[in-house]
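# Observations on chain architecture
Below are the chains, spelled out letter by letter.
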Amino acid sequence: NAGVTQTPKFQVLKTGQSMTLQCAQDMNHNSMYWYRQDPGMGLRLIYYSASEGTTDKGEVPNGYNVSRLNKREFSLRLESAAPSQTSVYFCASSVFGSGELFFGEGSRLTVL
Amino acid sequence: GESVGLHLPTLSVQEGDNSIINCAYSNSASDYFIWYKQESGKGPQFIIDIRSNMDKRQGQRVTVLLNKTVKHLSLQIAATQPGDSAVYFCAEKNFGNEKLTFGTGTRLTIIP
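Here the residue numbers are simple positions, counted from 1 along each chain's written sequence. Each chain takes a letter, starting from A, and each ligand takes a number, starting from 1, following the order in which they are written. The predicted nature of this model means local features are confined to residues of pLDDT at least 70 and side-chain atom pairs, given and counted, to a pLDDT of 80 or more, with totals for whole chains, interfaces and linings taken over all residues. For the side-chain quantities, the full set of heavy atoms in the structure was used; hydrogens and water were omitted.

### Examining the side chain of Gln25(A)
All names here are of chain A. Stated formally: A run of DSSP states H or I qualifies as a helix once it reaches four residues; a run of E qualifies as a strand once it reaches two. Both are numbered from the N-terminal end. Burial status follows relative accessibility: with a 1.4 Å probe on protein chains alone, a residue under 20% of its type maximum counts as buried, one over 50% as exposed, and anything between as partly exposed. Any pair of nitrogen or oxygen atoms within 3.5 Å is treated as a polar contact; in protein, a donor-acceptor pairing is required on top of that, and neighbouring residues in sequence qualify only through side-chain atoms on both sides. Every residue pair with non-hydrogen atoms within 4.5 Å of one another is taken to be in contact.
As for its position among the elements, Gln 25 is in strand β3 (residues 19-25). Here Gln 25 falls in the buried class, since its relative accessible area comes to 1%. Side-chain polar atoms of Gln 25 contact the backbone nitrogen of Asn 28, separated by 3.2 Å. A polar contact is formed between the side chain of Gln 25 and the backbone oxygen of His 29, at a distance of 2.9 Å. With sequence-adjacent residues up to four places away left out, Gln 25 is seen in contact with Gly 3, Val 4, Met 32, Arg 68, Lys 71, Arg 72 and Ser 93.

In structure tokens, the structure reads:
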């Protein structure tokens, strides 16, 4: 049982490049999330999706787009990467209404 | 709660002693609170949750206390062990809304 799988685990981009972080869960969860975590800081919510076909902005959505491709997959796209987007990105999923989120291992992104 | 800067509050506790980690939340409308543990290099893991109609909930070696009057949450860990060393986050949400917001973390270090 893989849980929440994120790819890639590491990525280096140049300013202005684009990329997509992929996330998939195999727990049949309705809710999925994308957070970013900067060094020594807490997690800030970028976007979340309460169900297939719906997405909502979190605390720091600027510079990002998301797609809830189906119930299993929730991707995060950076259209034009900036150094301020250097961070560790975590995807998570949960049963609808639960506060128990299951997190992936994180994707470490560096923008030069 | 919100991240307050680059340096997490820290707490050092002797092995075997009890630990108390505090969290002040900001949204008086929040009615569901959760504690997470994050070990180095990993995603956060759920520890325990509490709903706003309760003021105390116990788990295995952990107790969460909620004081809605002063918007304060605490996590008590009994008989701390080296494996308890981690960063601990409180999180809050409203029932009916899947948005889960994390507060400022606390780094707990267990002294052998």
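### Thoughts on the pattern of salt bridges
Cut-off, in case you're wondering: The salt bridge criterion pairs a side-chain nitrogen of Lys or Arg with a carboxyl oxygen of Asp or Glu, the two atoms within 4 Å.
Taken as a whole and judged by the stated rule, the model has nine salt bridges over all chains. One salt bridge in this structure joins Glu39(B) and Lys42(B), with 3.4 Å as the shortest N-O distance. Here Arg51(B) and Asp49(B) are joined by a salt bridge, their closest N and O atoms 3.8 Å apart. Owing to a relative accessible area of 32%, Arg51(B) belongs among the partly exposed residues under this scheme. Accessibility expressed as a relative area gives 8% for Asp49(B), which makes it buried. Counted as one network, the salt bridges with shared partners bring together Arg36(A), Asp38(A) and Arg44(A).

### Here we look at the interface of chain A and chain B
Quick note on the threshold: The term buried area denotes the loss of accessible surface (1.4 Å probe radius) that occurs when two parts are joined, taken as the sum for both partners.
In this assembly, 25 residues from chain A lie in contact with 23 residues from chain B. The three residues of chain A that bury the most area against chain B are Met41(A), Leu43(A) and Gly99(A), which together make up 24% of that side's buried surface. Across the contact surface, chain A and chain B share zero salt bridges. For the side of chain A that touches chain B, the secondary structure elements donating two or more residues are β4 (31-37), β5 (43-49) and β9 (87-94) of chain A. Considering each element in turn, the side of chain A that touches chain B owes the most residues, four residues, to β4(A).

### Concerning the environment of Ser93(A)
Residues and elements named next belong to chain A. With respect to the helices and strands, Ser 93 occurs in strand β9. Distance from Ser 93 to Leu 109, taken between C-alpha atoms, is 21 Å for residues 16 residues apart in sequence. Polar side-chain contacts of Ser 93 include one of 2.8 Å to the side chain of His 29.

### Overview of the state of the cysteines
Under the convention used in this document: The definition used for a disulfide is geometric: two cysteine sulfur atoms within 2.5 Å.
This model, assessed by the stated rule, comprises two disulfides over all chains. Here Cys23(A) connects covalently by a disulfide to Cys91(A), the sulfurs 1.9 Å from one another. Between Cys23(A) and Cys91(A), the disulfide has an S-S torsion of -75 degrees and is therefore left-handed. Of this pair, Cys23(A) sits in strand β3 while Cys91(A) sits in strand β9; the two residues are 68 residues apart in sequence, bridging distant segments of the chain. With relative accessibility at 0%, the residue Cys91(A) sits in the buried group. One disulfide bridge connects Cys23(B) with Cys90(B), the sulfur atoms lying 1.7 Å from each other. Judged by the torsion about the S-S bond (40 degrees), the Cys23(B)/Cys90(B) disulfide is right-handed. On the criterion of sequence distance, the pair formed by Cys23(B) in strand β2 (residues 19-24) and Cys90(B) in strand β8 (residues 86-93) is long-range, its members being 67 residues apart.

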